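Summary of the model geometry
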Amino acid sequence: MNQKSHLKMFIAESTKATKRSGTKLATASTDLTARVWHIEPHAHAKMKHIELKGHTDNVDQLCWDPLHADLLATASTDHTVRLWDARSGKCCLQTELSGENINITYRPDGTHLAVGNRDDELTILDVRKFKPMHRRKFSYEVNEFAWTLTGDIILLTCGNGTVEVLAYPSLQPIDRVMAHTAGCHCIAVDPKGRYFAVGSADSVVSLWDISEMLCMRTFTKLGLPVRTVSFNYTGDYIASASREMFIDISNVQTGRSVYEIPCRAAMNSVEWNPKYNLLAYSGDDRNRYLVDEGNFRIYGFQSS
């Protein structure tokens, strides 16, 4: 079962291959909706923009189309995957899969979507037809996954502490990396395609060279299982968080922690803006009545 399956909110910054504006942010929630927010990069302000309604269960994860700045896809435990127009708030396409969907990510060229469910099944959708192309069921726990920038490899984090390396489109294993001493929960690929980072239940974030599949260094500032990791737009910094009340920002090349962002609650998701050193994050914030508040925040980080 994926580490994010119970989390309240997932966030993703809008990217576009031809012009990375970084002015939209999308959130997914257990209130059955996703929302798109307009971001003012320099004012650090947020404004509710539009609500995406239609799912009948939790929206566990979402991702922006890498080529179309106003299209995003959502994965829900209602068994459906939906494609949305962020300008109108309308669902353009949807398909029903076999299980409760909890992970989703686009192939870098925008042609395919990879979707994972609670039954450890990976499904590849053709974006144009919005229908399943390939399926593979795993006999072990599969958590988050990510494409390499070339789109010919999918990296899967697994509950046994490994990262499975699958060829695409065959989905056949070509390597297995013994990454951690406990389950691997989350993964992110450096925007320049050099590295991937893995967050684990052993409280460590590891950095791997993609071409050699070798561990370059580890980040050990966190003391509890890592829930979320994200590279900044230059690939020079990595943010990671757990149930502890802070987010760690570390230098990718030195491995040193350079800043901590204090938080009011355990973090669910961190995501860097694709153009600026702005970090969006959401957590388990609750009010005095212990009711989920559904907040997210944006932090401006000044690199030294």
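Being a predicted model, the structure only gives us computed values, none of them experimental.

Let us look at the nonpolar core. Grouped together as the largest cluster of nonpolar side chains are 15 residues, with contacts concentrated most on L155, V163, V177, F196 and V198. Counting residues per element, the ones that place at least two in this core are β14 (153–158), β15 (162–167), β17 (184–189) and β18 (195–200). A total of 3 residues in this core trace back to one element, the largest contributor, which is β17. Setting aside residues up to four positions removed in sequence, F196 forms contacts with L155, V163, I187, A188, V189, S206, L207, W208, I210, M213 and F231.

Once that is clear, we can look at the pattern of salt bridges. Any two side chains of opposite charge can pair, on the condition that their charged atoms come close. Counted according to the given criterion, the structure contains 11 salt bridges. Notably, a salt bridge pairs D31 with R35, separated by 2.9 Å at the nearest N-O pair. Close ionic contact of E51 with K53 constitutes a salt bridge, the shortest N to O distance being 3.2 Å. Its relative accessible area of 23% is what places E51 among the partly exposed residues.

A separate point is the pairing of strand β5 (residues 59–64). Looking along a regular strand, one sees the side chains alternate between the two faces of the sheet. Where burial is concerned, most of β5 is hidden: 6 out of the 6 residues are buried. As judged from the 5 bridges shared by β5 and strand β6 (residues 71–76), these two strands associate in the antiparallel manner. Its bridge partner lying in β6, C63 is registered against A73.

Now for the sheet that holds strand β9 (residues 101–106). A sheet is described by the order of its strands in space; here 4 strands give the open sequence β9-β10-β11-β12, paired in antiparallel fashion. In this open sheet, the two strands that pair with only one neighbour each are β9 and β12 (131–137). Neighbour-to-neighbour, the strand axes of the sheet open up by a mean angle of 20°, direction not taken into account. Where strand β10 (residues 112–117) and strand β11 (residues 121–126) come together, 5 bridges link them in antiparallel fashion. Paired with A114 across the strands is I124, a residue of β11.

We now examine the packing of aromatic side chains. All chains considered together, the criterion is met by 3 aromatic pairs. Taken together, a centroid distance of 4.8 Å and an interplanar angle of 75° make the contact between W147 and Y168 edge-to-face. Note that W147 is positioned in strand β13 (residues 142–147) and Y168 in the loop between β15 and β16 (173–178), a separation of 21 residues in sequence. The class of W147 is buried, set by a relative accessible area of 4%. Here the aromatic rings of F196 and W208 are separated by 6.2 Å at their centres, their planes lie at 10°, and the arrangement is stacked. Placement of F196 in strand β18 and of W208 in strand β19 (residues 205–209) is noted, with a sequence separation of 12 residues between them. Each of the two residues, F196 as well as W208, counts as buried.

Parameters and conventions
Every residue gets a number counted from 1 within its own chain, in the order that chain's sequence is written. It should be noted that, the model being predicted, local features are given only for residues of pLDDT at least 70 and side-chain atom pairs only at 80 or more, the latter also being counted only at that level, while totals for whole chains, interfaces and linings use all residues. To get the side-chain values, take all heavy atoms of the structure and skip hydrogens and water. In this text, buried Ala, Val, Leu, Ile, Met, Phe, Trp, Tyr and Cys residues form a nonpolar core when linked through side-chain atoms within 4.5 Å. A 1.4 Å probe rolled over the protein chains alone gives each residue an accessible area, and that area as a share of the maximum for its type sets the label: buried under 20%, exposed over 50%, partly exposed in between. Helix numbering and strand numbering both begin at the N terminus, where a helix is a DSSP run of H or I of at least 4 residues and a strand a DSSP run of E of at least 2. Contacts are residue-level and defined by heavy atoms, with any inter-residue pair within 4.5 Å sufficient. Between Lys or Arg on one side and Asp or Glu on the other, a salt bridge is scored when a side-chain nitrogen of the former is within 4 Å of a carboxyl oxygen of the latter. At least two DSSP bridges between two strands are needed for those strands to be called paired. Between N-to-C directions, angles cover 0 to 180 degrees, with each direction set by a line fitted to C-alpha atoms, over the stretch in contact for helices. Pairing of aromatic side chains here covers Phe, Tyr and the six-membered ring of Trp, requires ring centres within 6.5 Å, and sorts the geometry by plane angle: under 30 degrees stacked, over 60 edge-to-face, intermediate tilted.

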